[in-house]
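Topology and contacts: notes
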Amino acid sequence: MMNILFAVLVLGVLGLAFGLILTYAEKKFRVDVDERIGKVRACLGGANCGACGYAGCDNFAEAVVKGEAKPNSCPPAGEKGAKEIAAIMGVETSVEEKKVPRVLCSGRAGVAFSRYRYDGYKNCAVADGLAGGPKMCRFSCIGLGDCMDHCVMGAISIVDGLAVIDYDKCISCGECAKHCPRGAIQMMPVSQTVYVNCRNTDNAREAKSVCMSACIGCGRCKRECKYDAIYIENFFAHIDPEKCTRCGACASVCPCTAIKDLINGLPHRPNFY
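Residues numbered from 1 in each chain as written. Predicted model: local features only at pLDDT ≥ 70, side-chain atom pairs only at ≥ 80, totals over all residues. Heavy atoms only, no water.

1. Regarding the overall build of the chain
Broken down by element type, the chain carries 10 helices and 8 strands. Long-range contacts, defined here as pairs at least 24 residues apart, represent 54% of the contacts in the chain between residues at least 6 apart. Total accessible area computed for the chain in this model is approximately 15600 Å², and 56% of it derives from carbon and sulfur atoms. (Helix = DSSP H or I, 4+ residues; strand = E, 2+ residues; numbered from the N terminus. Contact = heavy atoms within 4.5 Å. Areas by Shrake-Rupley, 256 points an atom, 1.4 Å probe, with all protein chains shown as cover.)

2. Points about the packing of helix α2 (residues 35-43) against helix α3 (residues 57-66)
It is the contact of α2 with α3, at a shortest axis distance of 8 Å, that shows an interaxial angle of 125°. Relative to α3, the element α2 is oriented oblique. Handedness of the α2/α3 crossing: right-handed. Facing R36, I37, V40 and R41 of α2, the residues of α3 in contact are C57, D58, A61, E62, V64 and V65. In the contact of α2 with α3, the residues fall into 6 nonpolar, no polar and 4 charged. (Axes fitted to C-alpha atoms, helices over the stretch in contact; angles between N-to-C directions. Parallel < 35°, antiparallel > 145°, perpendicular 65-115°, else oblique. Left-handed = near helix turned anticlockwise from the far one by under 90°. Nonpolar A, V, L, I, M, F, W, Y, C, P; charged D, E, K, R; others polar.)

3. Quick word on the packing of aromatic side chains
On inspection of all chains with the given rule, the structure shows 1 aromatic pair. Both rings, one in Y54 and one in F60, keep their centres 6.1 Å apart while their planes meet at 55°; by these two values the pair is tilted. Owing to a relative accessible area of 27%, Y54 belongs among the partly exposed residues under this scheme. (Phe/Tyr/Trp six-rings, centres within 6.5 Å; stacked < 30°, edge-to-face > 60°. Buried < 20%, exposed > 50% of the residue type's maximum accessible area, 1.4 Å probe, protein only.)

4. Structural notes on α2
Considered for burial, the residues of α2 that qualify are I37, V40 and C43. Mapping the buried residues of α2 onto a view down its axis gives an arc of 120°, with all of them on the same face. Seen from the buried face of α2, the exposed residues on the opposite side, beyond 90 degrees, are E35 and A42. Residues of α2 that are buried sit in contact with α3 and α4 (78-89). (Arc of directions from axis to C-beta.)

5. Concerning the pairing of strand β6 (residues 230-233)
As paired elements, β6 and strand β7 (residues 236-239) share 4 bridges and run antiparallel to each other. Note that in β7 the partner of I232 across the bridge is A237. Counting the residues that bridge the hairpin from β6 to β7 gives 2 residues, and of these N234 lies at a positive phi of roughly 55°. (Pairing = 2+ DSSP bridges.)

6. Quick look at unusual backbone geometry
One non-glycine residue with positive phi stands out, namely A131, at about 55°. Note that A131 resides in the loop between α5 (124-128) and α6 (146-149). With a relative accessible area of 60%, A131 lands in the exposed category.

7. As for a nonpolar patch on the surface
Taken together, the side chains of Y121, V126 and L130 make up a nonpolar region of the molecular surface, amounting to roughly 300 Å² of accessible area. Along the chain, L130 turns up in the loop between α5 and α6. (Patch = residues over 30% accessible without salt bridge, like charges linked within 9 Å, V, L, I, M, F, W, Y side chains within 5 Å. Salt bridge = Lys/Arg side-chain N within 4 Å of Asp/Glu carboxyl O.)

8. Considering the pattern of salt bridges
Tallied over the entire structure, the rule returns 8 salt bridges. Here D119 makes a salt bridge to R117, at a shortest N to O gap of 3.5 Å.

9. Focus on the confidence of the model for the chain
Summing up the model confidence of the chain, the mean pLDDT is 87 and the portion of residues at 70 or higher is 88%. The low-confidence segment residues 268-273 (pLDDT under 50) makes 17 contacts with residues lying over four places distant or belonging to another chain. (pLDDT = per-residue confidence, 0-100.)

10. Some words on the side chain of R199
Along the chain, R199 falls in the loop between β5 (194-196) and α8 (204-210). At 8.9 Å, D128 is the nearest oppositely charged side chain to R199, a buried residue that forms no salt bridge. Engagement of the side chain of R199 in a polar contact is seen with the backbone oxygen of R182, the distance being 2.9 Å. Dropping the residues within four chain positions of it, R199 is found in contact with L104, F139, R182, G183, A184, Q186 and F236. (Lys, Arg positive; Asp, Glu negative; His and termini not counted. Polar contact = N/O pair within 3.5 Å; in protein donor to acceptor, adjacent residues only side chain to side chain.)

The following block contains the structure:
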């Protein structure tokens, strides 16, 4: 009986001693966490996409609280999130217009001409290094899915040899644009709904020999534009977003359906040639 009581007493003393040690250690080595970190974290997109330049949302939130990152540096958080973070930090912040990724290529299967049939490893960067890639156009979307593989939201699919972005899922992190080996995906202001859906700056004969929807710099769009928003340079039409009114007149006359008008749904015509 005495042995049992002694054992209980020893355990009690040890428990008390360890409790005191842990209490002291907790106070001695405690790292106070700024409650603003959690509040900032709650305002973010939550995708851990790295578009802000940090390893994840937690790291970015800590950087904001430490003053190492700006409140508007998280693209998925958007304007609303940037304003909320600025309010938490008690600072002013400028909010830039949201940018979204656009696939600047119309060279789907049957429109862009093929150089060869590619049956190798499904990687755009690898295919691009093999005799210039499977598509003859050196500016084209290769369509093997490097962008799709790096999209954390599953917002990209490959349809008829072209990357297609689902904007209901896209958080505008820009990872797809970063990992396109040809730069066929570019971040553009969301308000820029009329744009040249091509990047081919070869002369008209060379451009049409590789893709039926390539811009040939014919100038019809420029002549149709009443706002002097279009100029031709290097056999290619450039649209000045500052002058463009998004009327879509240029898209309606483009003989190659190379200009996209998202508001009016152009081009919706078949290719002329």
